[in-house]
There are 2 protein chains.
Amino acid sequence: MTLETLKTQRAFGGTQGNYRHQSEAVGTPMELAVFQPSAERHPGPRPVVWFLSGLTCTPENFVVKAGAQRVAAELGLVVVAPDTSPRGVSLPGDTEHYWFGQSASYYVDASAAPYSEHYRMFQYLSAELPALVAEHFPVDMSRQAVSGHSMGGHGALLLALRQPGRFRRVSALAPIASFTTCPWGELAVERYFGGDLAAAQAFDPTCLLQGGASLPSTLIDQGDADPFLKEQLRPEVLQQALTARGVDHRLRLQPGYDHSYFFVATFVEEHLRFLAEAF
Amino acid sequence: MTLETLKTQRAFGGTQGNYRHQSEAVGTPMELAVFQPSAERHPGPRPVVWFLSGLTCTPENFVVKAGAQRVAAELGLVVVAPDTSPRGVSLPGDTEHYWFGQSASYYVDASAAPYSEHYRMFQYLSAELPALVAEHFPVDMSRQAVSGHSMGGHGALLLALRQPGRFRRVSALAPIASFTTCPWGELAVERYFGGDLAAAQAFDPTCLLQGGASLPSTLIDQGDADPFLKEQLRPEVLQQALTARGVDHRLRLQPGYDHSYFFVATFVEEHLRFLAEAF
């Protein structure tokens, strides 16, 4: 698989790069951002942390705003930030609302036309992208962990629930607990799955937990001043499913924090350290 | 003086805020960003660090991209990021080039009409804004330091050179050494000062050093892969003037770093610690 380097920049003794490739899974060119720690300081294959971003985001938000490179440089982590939806195609309604379509894939494999042709982000993230990264970067794929923010928190939980054994640990910042039962996800259920709720539930972390899937040790933070807390994110729903399933987890309400990248930046260090402990 | 709070957000246990006020010095509304560390962790009046941004910037760039809040929260620093030029007025040519006019004040007091009416940023930063901040935030104005990036590095040096005794220490990241003798500054000399070179030199750090002004202990970093290094920034010119004047300083060339906020984010921690040592 070919990978084009768009830009690399030195950061914290390592390299922050932007890359592009033609994705088979989604049928469009896709960009990703990869941070590599210093090769002298951390020689040999390094563990890899996947960070999935939220609604409205591209890989750039996390890369520019979270300040994760500093900690990744210290811990010797490769951090991959994939894009949040297929790019370069225009489908009906895909830019009408920030919670559906472009930058709003929910990381699912859509089953209803016309979205099913391109919105195959689960396939992309679970198979194609890991193979691409393993081919082009000095990573140790036996040491992976996953994290994400908001829709990306949902995505991190989803990937780990459906790929048991792939990730040693999981983290999520203000994740959407159950997109099939919150207002943000209504259009996704209707259009990505043609209203087939059962098909959508196969990508819903809370439903997957209720259906018997499980997770490795998981850390979740949520700001209690987050304006999306009660209607969209609903950590109590996730908490209940995690507890019922017996998942080893901590879910913390952080007083005064909202949904922004200031919240992500504040807690990303603790999350990366939590993930790296398992490497 | 009245200060309007536009937004506050929790970050690293402290508060990142955006504020607006009507400036007498520049005759327009001006915005600024202020980080305050946790009052429980750092009670009482806190030292204040001023951070001046570069060409094309607003206060937001530093606030969102540099990750300085983490270190400021630990060290108990109030960090003030002022805007980079007057806002809300339209003057001839002020948006034609990124290196002149809006977001490109060079922090001078213009002497030529029509710029002289509003482009009074030195007056703003040296007198009005400190008084405003002292009135509205729990700061200890006997403990100040100043830093900045690119045009803001020039600004930090300029403020410290013309206000001896105000700052305990100075730092600059990729500063413009001498705007009166580099291409970026040509329009500034021509239009802010009507081509009066002597008037412009009164705001040029290298000229001020050559004229006998001095600085407290100063830390300067510069990336050696910075595309503006040789033509615009010219650290060797500054180095020579600092050495000739006997200023206690370190000027370091950092291998592989460019002019971006990845460079700023990488070194801002060391700069804040350097400044805070003097508090």
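On a predicted model such as this, the values are computed, not experimentally measured, just so you know.

### Re the overall build of chain A
Regarding its fold elements, chain A presents 10 helices and 9 strands. Relative to the 2.2 N^0.38 estimate, which gives 19 Å for 279 residues, the radius of gyration of chain A is 17 Å and therefore close to what a compact globule would have. Long-range pairs, those at least 24 residues apart, make up 72% of the contacts in chain A with a sequence separation of at least 6.

### Some thoughts on the sheet that holds strand E1 (residues 4-11) of chain B
Residue and element names in this part refer to chain B. In space, the 9 strands of this open sheet follow the order E1-E2-E3-E5-E4-E6-E7-E8-E9, with mixed pairing throughout. Both outer strands of the open sheet, E1 and strand E9 (249-254), are each paired with one neighbouring strand and no more. Each adjacent strand pair in this sheet contributes to an overall mean axis angle of 20°, direction not counted. Sheet analysis places strand E8 (residues 218-223) next to E9, joined by 6 bridges and oriented parallel. Paired with Asp221 across the two strands is Arg252, which belongs to E9.

### Let's talk about the nonpolar core
With 185 residues, the main nonpolar core has A:Val79, A:Leu272, B:Val79 and B:Leu272 as its most contacted residues. Apart from the residues within four sequence positions on either side, A:Leu272 is in contact with A:Val49, A:Ala68, A:Val71, A:Ala72, A:Leu75 and A:Leu77.

### Digging into the packing of helix H2 (residues 68-75) of chain A against helix H10 (residues 261-276) of chain A
Residue and element names in this part refer to chain A. Closest axis-to-axis distance for the H2/H10 pair is 9 Å, and the angle between their directions is 25°. Taken together, the axes of H2 and H10 lie roughly parallel to each other. H10 is crossed by H2, and the crossing has right-handed handedness. For the pair H2 and H10, contact is made by Ala68, Val71, Ala72 and Leu75 and by Val268, Glu269, Leu272, Arg273 and Ala276, respectively. Of the residues that constitute the contact of H2 with H10, the class distribution is 7 nonpolar, no polar and 2 charged.

### Remarks on the confidence of the model for chain A
Across chain A, the average pLDDT comes to 97, with 100% of residues at or above 70. Scoring of the predicted complex yields 0.96 for pTM and 0.94 for ipTM.

### Regarding the relation of the copies chain B and chain A
Turning chain B through 180° and shifting it by 0.0 Å along the axis lays it on chain A, with an RMSD of 0.0 Å. Here the symmetry operator amounts to a two-fold rotation axis. Distance from the rotation axis, computed per C-alpha, reaches its smallest value in chain B at B:Lys65: 2.6 Å. In this assembly, 100% of the residues forming the interface of chain B have copies in chain A that are likewise at the interface, indicating an isologous arrangement.

### Things to note about the environment of A:Leu209
Residue and element names in this part refer to chain A. Of note, Leu209 is situated in helix H7 (residues 205-210). For Leu209, a count of 24 C-beta atoms within 10 Å gives the class buried. In sequence terms Leu209 and Glu277 are 68 residues apart; their C-alpha atoms lie 24 Å from each other. Ignoring any residue separated from it by four or fewer positions in sequence, one finds Leu209 in contact with Leu161, Ala241, Leu242 and Arg245.

### Details of the interface of chain B and chain A
At the interface, 16 residues of chain B touch 16 residues of chain A. Where the side of chain B that touches chain A is concerned, the elements lending two or more residues are E1, helix H1 (59-65) and helix H10 (261-276) of chain B. Residue composition of the side of chain B that touches chain A, by class: 7 nonpolar, 6 polar and 3 charged.

### Section: the sheet that holds strand E4 (residues 46-52) of chain A
All names here are of chain A. One open sheet holds the 9 strands; their spatial order is E1-E2-E3-E5-E4-E6-E7-E8-E9, and the pairing between them is mixed. Each end of this open sheet is capped by a strand with a single partner; those strands are strand E1 (4-11) and strand E9 (249-254). Sheet twist, expressed as the average angle between the axes of neighbouring strands with direction ignored, equals 20°. As paired elements, strand E6 (residues 139-148) and strand E7 (residues 169-173) share 2 bridges and run parallel to each other. Looking at the pairing, Val146 lines up with Val170 of E7. The strands touched by H2 are E1, strand E2 (14-22), strand E3 (29-36) and strand E5 (78-82); relative to E2, the strand with the most contacts, the crossing angle is about 105°. Where H10 meets the sheet, it contacts E4, E6, E7, strand E8 (218-223) and E9, and its direction lies at approximately 175° from that of E7.

### Focus: unusual backbone geometry
Between A:Ala113 and the following residue, A:Pro114, the backbone shows a cis peptide bond with an omega angle of 0°. Among the secondary structure elements, A:Pro114 is positioned in the loop between E5 and helix H3 (121-136). In the Ramachandran plot, A:Tyr107 falls in the positive-phi region, its phi being about 60° despite a non-glycine side chain. Checked against the element boundaries, A:Tyr107 lands in the loop between E5 and H3. Although it is not a glycine, B:Phe12 sits at a positive phi angle of roughly 50°. Within the secondary structure, B:Phe12 sits in the loop between E1 and strand E2 (14-22).

### Quick notes on the pairing of E1(B)
All names here are of chain B. Inspection of the sheet shows E1 paired to E2 by 7 bridges, in the antiparallel sense. Its bridge partner being in E2, Glu4 is matched across the sheet by Arg20. The hairpin formed by E1 and E2 contains 2 residues between the paired strands, and Phe12 there has a positive phi angle of roughly 50°.

### With respect to the pairing of E6(A)
Looking down a regular strand, the side chains alternate between one sheet face and the other. Residues and elements named next belong to chain A. Note: E4 against E6, 6 bridges, orientation parallel. Its bridge partner lying in E6, Trp50 is registered against Val146. On the question of chirality, the crossover connecting E6 to the parallel E7 by way of helix H4 (residues 151-162) is right-handed.

### Digging into H2(A)
Burial runs high along H2(A): 7 of the 8 residues are buried. Summarising the contacts, the buried residues of H2(A) are in contact with E1, E2, E3, helix H1 (59-65), E5 and H10 of chain A.

What counts and how
- Residues numbered from 1 in each chain as written.
- Chains lettered and ligands numbered in written order.
- Predicted model: local features only at pLDDT ≥ 70, side-chain atom pairs only at ≥ 80, totals over all residues.
- Helix = DSSP H or I, 4+ residues; strand = E, 2+ residues; numbered from the N terminus.
- Rg over C-alpha atoms; globule rule 2.2 N^0.38 Å.
- Contact = placed C-beta atoms within 7 Å.
- Pairing = 2+ DSSP bridges.
- Axes fitted to C-alpha atoms, helices over the stretch in contact; angles between N-to-C directions.
- Core = buried A, V, L, I, M, F, W, Y, C linked by C-beta atoms within 7 Å.
- Buried ≥ 20, exposed ≤ 12 C-beta atoms within 10 Å, placed from the backbone.
- Parallel < 35°, antiparallel > 145°, perpendicular 65-115°, else oblique.
- Left-handed = near helix turned anticlockwise from the far one by under 90°.
- Nonpolar A, V, L, I, M, F, W, Y, C, P; charged D, E, K, R; others polar.
- pLDDT = per-residue confidence, 0-100.
- Least-squares fit on C-alpha atoms with pLDDT ≥ 70 in both.
- Right-handed = clockwise from strand over helix to strand, strands pointing away.

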